[in-house]
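# Tertiary structure, described
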Amino acid sequence: MFEKCKKADIQEKSGALICQARARVGRSGEILLIIPRSAVYKANSSYRVVFYDPVLGRVTCRCRLSAALPLPGGELCSLRCEVQEQLAQDQRRQDVKIPLGLSIMLHSTYQPGDPVRPPELGVPATIVNISAGGVYLRTALLLARGRRVWFDFMETGEKLTLNAQVLRSEDASQSQNQILYGYGCKFVNILSRQEAALRSFIFQQQRQQRQRGE
């Protein structure tokens, strides 16, 4: 179920965090969690575990946790995690949006009727926020609803060329001397590896924001 999952949070039934864990999934589907040896929990009891899977999204399950086995070095230990019940899953249409404020170069193919021809290098744009399903962009380029755009996203550690379609537009001008448009877009033709890398980045950013109390 969680073949690509690498991270998880172990929680009390109340939702209080016990510890963060690294997840490993064996060929038979057995889930192992690597946790700090200092983490306190009751072996062979049920707890809430939130799995951060780059494909499935954030999945909350009720799990039985085995006794911990110390690992070499003394700071970490491993335990078996048996999924008993799935409690919740963030669906794609409910993907978490994270604020970025990241500058990019936006590309779009010229079409008859366009007031200007987009330069080959693209036009400056800002990613205001992003999710695994879409992006909100701000740029001076005028685009119609349904228009396809693409840009290179480098924040995952590799270059992802992401294609998107404009769903809605609005005036985002911040002054009379600077005309800007805001575009809500959905990703199209996104590859599974691109989605996995994007989800992993978003979950990492979301976790960091929670740790900072944002």
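Residues numbered from 1 in each chain as written. Predicted model: local features only at pLDDT ≥ 70, side-chain atom pairs only at ≥ 80, totals over all residues. Heavy atoms only, no water.

Moving on to the layout of surface pockets. Any space left empty among the atoms is revealed by the rolling of a water-sized probe across them. Taken as a whole, the second largest pocket spans an internal volume of roughly 160 Å³. G29, E30, I31, N44, R64, L65, S66, R80, C81, E82 and V83 together form the lining of the second largest pocket. Residue assignment for the lining of the second largest pocket shows that the elements contributing at least two residues are β5 (57-65) and β7 (76-89). (1 Å grid on protein atoms, 1.4 Å probe; cavity = no way out; pocket = protein on both sides within 12 Å on 5 of 7 lines; lining within 4 Å. Points joined across faces, edges and corners; volume = space filled by probe spheres on them. Helix = DSSP H or I, 4+ residues; strand = E, 2+ residues; numbered from the N terminus.)

For any pair of aromatic rings, the description rests on two quantities: the centre-to-centre distance and the angle between the ring planes. Counted according to the given criterion, the structure contains four aromatic pairs. Taken together, a centroid distance of 5.4 Å and an interplanar angle of 75° make the contact between F153 and F201 edge-to-face. Placement of the pair is F153 in strand β11 (residues 148-153) and F201 in helix α1 (residues 192-212), with a sequence separation of 48 residues. No difference in accessibility class separates F153 from F201, as the two residues are buried. Where Y181 meets Y183, the ring centres are 6.3 Å apart and the plane angle is 35°; that geometry is what we call tilted. (Phe/Tyr/Trp six-rings, centres within 6.5 Å; stacked < 30°, edge-to-face > 60°. Buried < 20%, exposed > 50% of the residue type's maximum accessible area, 1.4 Å probe, protein only.)

Once that is clear, we can look at the pattern of salt bridges. Enumeration according to the criterion identifies three salt bridges in this entry. Of the charged contacts, one joins R62 and E85 as a salt bridge, the two residues approaching to 3.2 Å between their closest N and O atoms. In this pair, R62 sits in strand β5 while E85 sits in strand β7, placing the two residues 23 residues apart along the sequence. Judged by relative accessible area, which is 32%, R62 ranks as partly exposed. A salt bridge links R193 to E158; the shortest N-O distance between them is 3.6 Å. Taken together, the residues span a long stretch of sequence, with R193 in helix α1 and E158 in the loop between β11 and β12 (160-171) at a distance of 35 residues. Given the relative accessible area of 47%, R193 is considered partly exposed. Since its relative accessible area comes to 35%, E158 is described here as partly exposed. (Salt bridge = Lys/Arg side-chain N within 4 Å of Asp/Glu carboxyl O.)

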